[in-house]
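Descriptive structure summary
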Amino acid sequence: MTDHFPWLTTLIALPAIAALLVPLIPDQNGKTLRWYALGVGFLDFALTVWTFWTHYDISSSALQLTEQYAWVPQLGLNWSVGVDGLSMPLIVLTGFVNTMAIFAAWNVTQKPKLFYGLMLLLYSAQLGVFAAQDMLLFFIIWELELVPVYLLISIWGGPQRFYAATKFILYTAFASIFILLAGLAMAFYGDTFSFDMATLAQKHYSLTFELLTYAAFLIAFGVKLPIFPFHTWLPDAHGEASAPVSMILAGVLLKMGGYGLMRMNIEMLPNAHVYLAPVLAVLGVVNIVYGALNAFSQQNLKRCLACSSISHMGFVLIGIAALTEVGFNGAVLQMISHGLIASALFFLAGVTYERTHTLIIAKMGGVAKAMPIVFALFTVGTMASLALPGMSGFVSELTIFLSVATSPVYSVAFKVLITLLAAVGLILTPVYLLSMLRRVFYGQSSLPEQAIAPWMDANPREVFIAVSMIVPIIAVGLYPKFVTQTYDVKTVAVAAEVQESITRVAQAKSLEAIAQQPLEPHQLQAQGVLSAYSPTFSSAGFSSAGLSSALIAPAIPR
């Protein structure tokens with residue numbers, strides 16, 4: 001019976017249904033609602049872990065726990081969900097971070113019903129994004145997720161919350177249009193109309209079509225990741241959002257961009273990815289260096305951490321661009337690692353703000369004496385963010401460096417350049433993070449004396465939340481296989497598919513070179529090309545024009 005139960009649909013629907021029931025709960029000050037929301041979050045997270053523990057096979061790269069129901073047949077829209085190695089660990093991360101964020105929002109008293117209802121609805125939408133296997137369904141849930149974030153920032157944010165929320169919705173909503181356009185183009189391409197992702201991945205697209213579709217997805221997911229220059233909404237959103245919302249923004253929402261790149265750009269458009277991977281590598285380096293340099297100039301604590309997130313997500317781009325199993329493995333691990341680390345740091349930034357009532361770093365100096373526990377926890381989170389050995393950040397970033405250095409695709413000069421520039425960012429990271437730590441917790445404080453007292457330190461609830469996020473950071477740092485074994489098989493399969501595309505691209509380039517300098521048939525046979533493309537050569541008559549026309553085929557064979 002449990003094998004045929006709609007587990008994924010239940011996991012996705014549970015928080016949304018719970019959100020619809022929030023208005024029926026009698027509560028004025030939010031005390032009952034916060035327990036209700038926390039109970040729903042914990043129940044869904046526990047059910048997620050149990051479902052994957054008992055029904056998910058980590059030795060298989062295929063989609064599992066698949067469910068498909070006709071939703072709007074007239075539009076070809078199906079409720080189609082499933083998980084594999086790319087989505088399963090991110091769904092677990094989503095459940096964990098959202099549950100901790102709900103627990104972190106313990107002191108919300110302004111419109112508590114609306115707040116907790118939106119938090120639960122956002123929880124459900126995030127799960128849906130990672131589980132959706134229908135392109136139109138993916139787009140709808142992707143759009144649905146934007147609404148709660150906009151409201152959570154614009155109602156419970158800081159003084160500039162309306163500006164930050166409007167900027168967030170304009171950037172992300174406009175970028176989402178490219179998902180719809182690319183999805184529709186893929187669905188109508190060829191003789192078969194379908195929004196099913198597996199079907200779309202099997203279609204034979206022309207190279208021009210793949211490159212254009214790839215660019216559309218890159219813009220959409222690049223805003224979410226975010227990739228320079230589409231990143232400017234992030235510091236504003238983090239600077240004005242409350243700590244629980246910042247936890248979700250950094251811990252989960254940014255990972256949707258990386259997930260989208262791996263799911264759409266690599267799995268569905270591998271030929272285009274081979275051509276454009278160097279561009280991603282360059283963008284990744286720009287993110288790393290630019291984000292680190294920009295963090296130096298920030299006087300707002302949360303904006304500094306937001307720029308740090310931009311820098312760290314650059315490593316995801318480099319891992320994806322490596323075109324190897326090690327690179328894909330490191331990219332997924334970096335998303336999980338950064339999700340935990342950034343959530344912990346933004347939570348602790350919120351704890352500090354609740355005590356000092358300021359996010360201006362220059363005004364916080366000297367609070368370590370009043371908040372030694374917060375200082376200790378913040379220090380651990382900072383060490384993890386700067387990739388201290390023994391922490392998850394070290395393992396993920398080291399893996400990505402190795403993937404670039406050992407990639408057989410790129411020239412030595414390109415690999416050296418990318419590695420050196422990324423290393424510059426790696427050197428800058430501890431400089432700005434340790435400087436931030438020193439300025440916040442040491443030095444002369446400009447806060448009133450009565451504002452600094454022993455009671456300011458973290459309470460048991462806050463310590464529990466911070467420790468709950470730090471423990472997996474250290475666990476992954478000491479034993480990475482704890483996480484990597486859940487997606488190793490999938491990254492191997494994706495890497496194998498990309499390798500096939502690399503071979504196809506190499507063969508196409510060889511044919512193009514031959515087309516420009518025609519050879520005799522016996523020379524083509526000697527190069528091992530004639531046997532592989534004998535139908536093409538016979539029909540083209542071994543002529544340069546014939547070979548050129550063969551290269552401009554309507555589809556690239558897979």
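Model, not experiment: these values are computed from the prediction.

Glancing now at the overall build of the protein chain. Within the protein chain, the regular secondary structure consists of 22 helices and 2 strands. In the protein chain, which comprises 558 residues, the share counted as buried stands at 59%. At a minimum sequence separation of 6, the contacts of the protein chain that also span at least 24 residues come to 80%. When the accessible surface of the protein chain is split by element, carbon and sulfur atoms take 69% of a total near 21,700 Å².

Attention now goes to the side chain of His 338. Mapping His 338 onto the fold places it in helix α13 (residues 325-356). Dropping the residues within four chain positions of it, His 338 is found in contact with Ala 250, Leu 254, Lys 255, Ser 309, His 312, Met 313 and Ser 343.

Considering all chains together, one arrives at 29 aromatic pairs under this definition. Between Phe 103 and Phe 464 the ring centres are 6.0 Å apart and the planes differ by 70°, which places this aromatic pair in the edge-to-face class. Here Phe 103, found in helix α3 (residues 88-104), pairs with Phe 464, found in helix α17 (residues 460-478); they are 361 residues apart in sequence, far enough to count as distant. Ring geometry for Phe 115 versus Tyr 116: centroids 5.3 Å apart, planes at 90°, classification edge-to-face. Looking at Tyr 116, the relative accessible area reads 1%, which means it is buried. Counting every residue linked through ring pairs, the aromatic cluster contains Trp 35, Phe 103, Trp 106 and Phe 464. Between the NZ or CZ atom of Lys 224 and the centre of the ring of Trp 142, over which it lies, the distance is 5.0 Å.

The end-to-end C-alpha separation of helix α12 (residues 301-321) is 31 Å, in line with the 30 Å expected for 21 residues at 1.5 Å each. Among the 21 residues of α12, 20 are classified as buried, and the element is accordingly described as predominantly covered. The N-terminus of α12 is capped by Asn 300, whose side-chain oxygen sits 3.0 Å from the backbone nitrogen of Lys 302. Just downstream of α12, Leu 323 is the residue with a positive phi angle, here 65°.

Now for the nonpolar core. Membership of the largest hydrophobic core comes to 189 residues, with the highest contact counts inside it found for Phe 138 and Leu 249. With 16 residues, the single largest contributor to this core is α13.

So, on to the pairing of strand β2 (residues 77-83). The buried fraction of β2 is high, at 7 of 7 residues. Residue alternation in β2 divides its side chains into two sets, Leu 77, Trp 79, Val 81 and Val 83 and Asn 78, Ser 80 and Gly 82, and both sets are buried. Here strand β1 (residues 64-72) runs beside β2; their pairing, made up of 6 bridges, is antiparallel. Note on β2: the bridge partner recorded for Gln 68 is Ser 80.

Turning our eyes to something else, we now look at a nonpolar patch on the surface. A cluster of nonpolar side chains, namely Val 326, Phe 394, Leu 398 and Leu 402, defines an oily patch on the protein surface of about 310 Å² accessible area. With 3 residues, the single largest contributor to the nonpolar patch is helix α15 (residues 392-405). Inspection of the secondary structure assignment puts Val 326 in helix α13. Given a relative accessible area of 37%, Val 326 falls into the partly exposed group.

Time to look at the environment of Tyr 56. Mapping Tyr 56 onto the fold places it in the loop between α2 (31-55) and β1. Owing to a relative accessible area of 8%, Tyr 56 belongs among the buried residues under this scheme. Along the primary structure Tyr 56 and Val 83 are separated by 27 residues, whereas in three dimensions their C-alpha atoms are 8.7 Å apart. Residues contacting Tyr 56, with those up to four places away along its chain left out, are Thr 51, Gln 64, Val 83, Asp 84, Gly 85, Met 88 and Thr 486. Looking at Tyr 56, its side chain comes within polar contact range of the main-chain nitrogen of Gly 85, at 3.1 Å.

Below, the discussion takes up the environment of Ala 281. On the secondary structure map, Ala 281 appears in helix α11 (residues 270-296). In this structure Ala 281 comes out as buried when scored by relative accessible area, which is 4%. If we skip the residues at most four places from it in the chain, Ala 281 touches Ile 318, Ala 321, Phe 414 and Ile 418.

Looking now at the packing of helix α14 (residues 372-385) against α17. With their axes 11 Å apart at the nearest point, α14 and α17 run at an angle of 25° to one another. In this view, α14 runs roughly parallel relative to α17, as classed from their interaxial angle. Note that α14 runs across α17; the crossing there is left-handed. Together, Ile 373, Leu 377, Val 380 and Ala 384 of α14 and Val 463, Ala 466, Val 467, Ile 470 and Ile 473 of α17 make up the contact between the two elements. By residue class, the composition of the contact of α14 with α17 is 9 nonpolar, no polar and no charged.

Scored by pLDDT, the protein chain comes out at a mean of 87, with 89% of its residues at no less than 70. The secondary structure element of the protein chain with the lowest average pLDDT is helix α22 (residues 544-551), at 32, and the one with the highest is α3, at 97. The low-confidence segment residues 519-557 (pLDDT under 50) makes 49 contacts with residues lying over four places distant or belonging to another chain.

Attention shifts here to the pattern of salt bridges. Tallied over the full model, the rule gives 10 salt bridges. Between Asp 84 and Lys 490 there is a salt bridge whose closest N-O contact spans 3.2 Å. Here Lys 490 lies in helix α19 (residues 488-516) and Asp 84 lies in the loop between β2 and α3, a separation of 406 residues in the sequence. Here Arg 303 ties to Asp 236 by a salt bridge, and the two come within 2.9 Å at their closest N and O atoms. One end of the pair, Arg 303, is in helix α12; the other, Asp 236, is in helix α9 (residues 233-240), and 67 residues separate them in sequence. Each of Asp 84, Arg 263, Glu 267 and Lys 490 takes part in a single network of salt bridges with overlapping partners.

Cut-off values and rules
- Residues numbered from 1 in each chain as written.
- Predicted model: local features only at pLDDT ≥ 70, side-chain atom pairs only at ≥ 80, totals over all residues.
- Heavy atoms only, no water.
- Helix = DSSP H or I, 4+ residues; strand = E, 2+ residues; numbered from the N terminus.
- Buried < 20%, exposed > 50% of the residue type's maximum accessible area, 1.4 Å probe, protein only.
- Contact = heavy atoms within 4.5 Å.
- Areas by Shrake-Rupley, 256 points an atom, 1.4 Å probe, with all protein chains shown as cover.
- Phe/Tyr/Trp six-rings, centres within 6.5 Å; stacked < 30°, edge-to-face > 60°.
- Lys NZ or Arg CZ within 6 Å of the ring centre and 35° of its normal.
- Expected span 1.5 Å × (residues − 1).
- Polar contact = N/O pair within 3.5 Å; in protein donor to acceptor, adjacent residues only side chain to side chain.
- Core = buried A, V, L, I, M, F, W, Y, C linked by side-chain atoms within 4.5 Å.
- Pairing = 2+ DSSP bridges.
- Patch = residues over 30% accessible without salt bridge, like charges linked within 9 Å, V, L, I, M, F, W, Y side chains within 5 Å.
- Salt bridge = Lys/Arg side-chain N within 4 Å of Asp/Glu carboxyl O.
- Axes fitted to C-alpha atoms, helices over the stretch in contact; angles between N-to-C directions.
- Parallel < 35°, antiparallel > 145°, perpendicular 65-115°, else oblique.
- Left-handed = near helix turned anticlockwise from the far one by under 90°.
- Nonpolar A, V, L, I, M, F, W, Y, C, P; charged D, E, K, R; others polar.
- pLDDT = per-residue confidence, 0-100.

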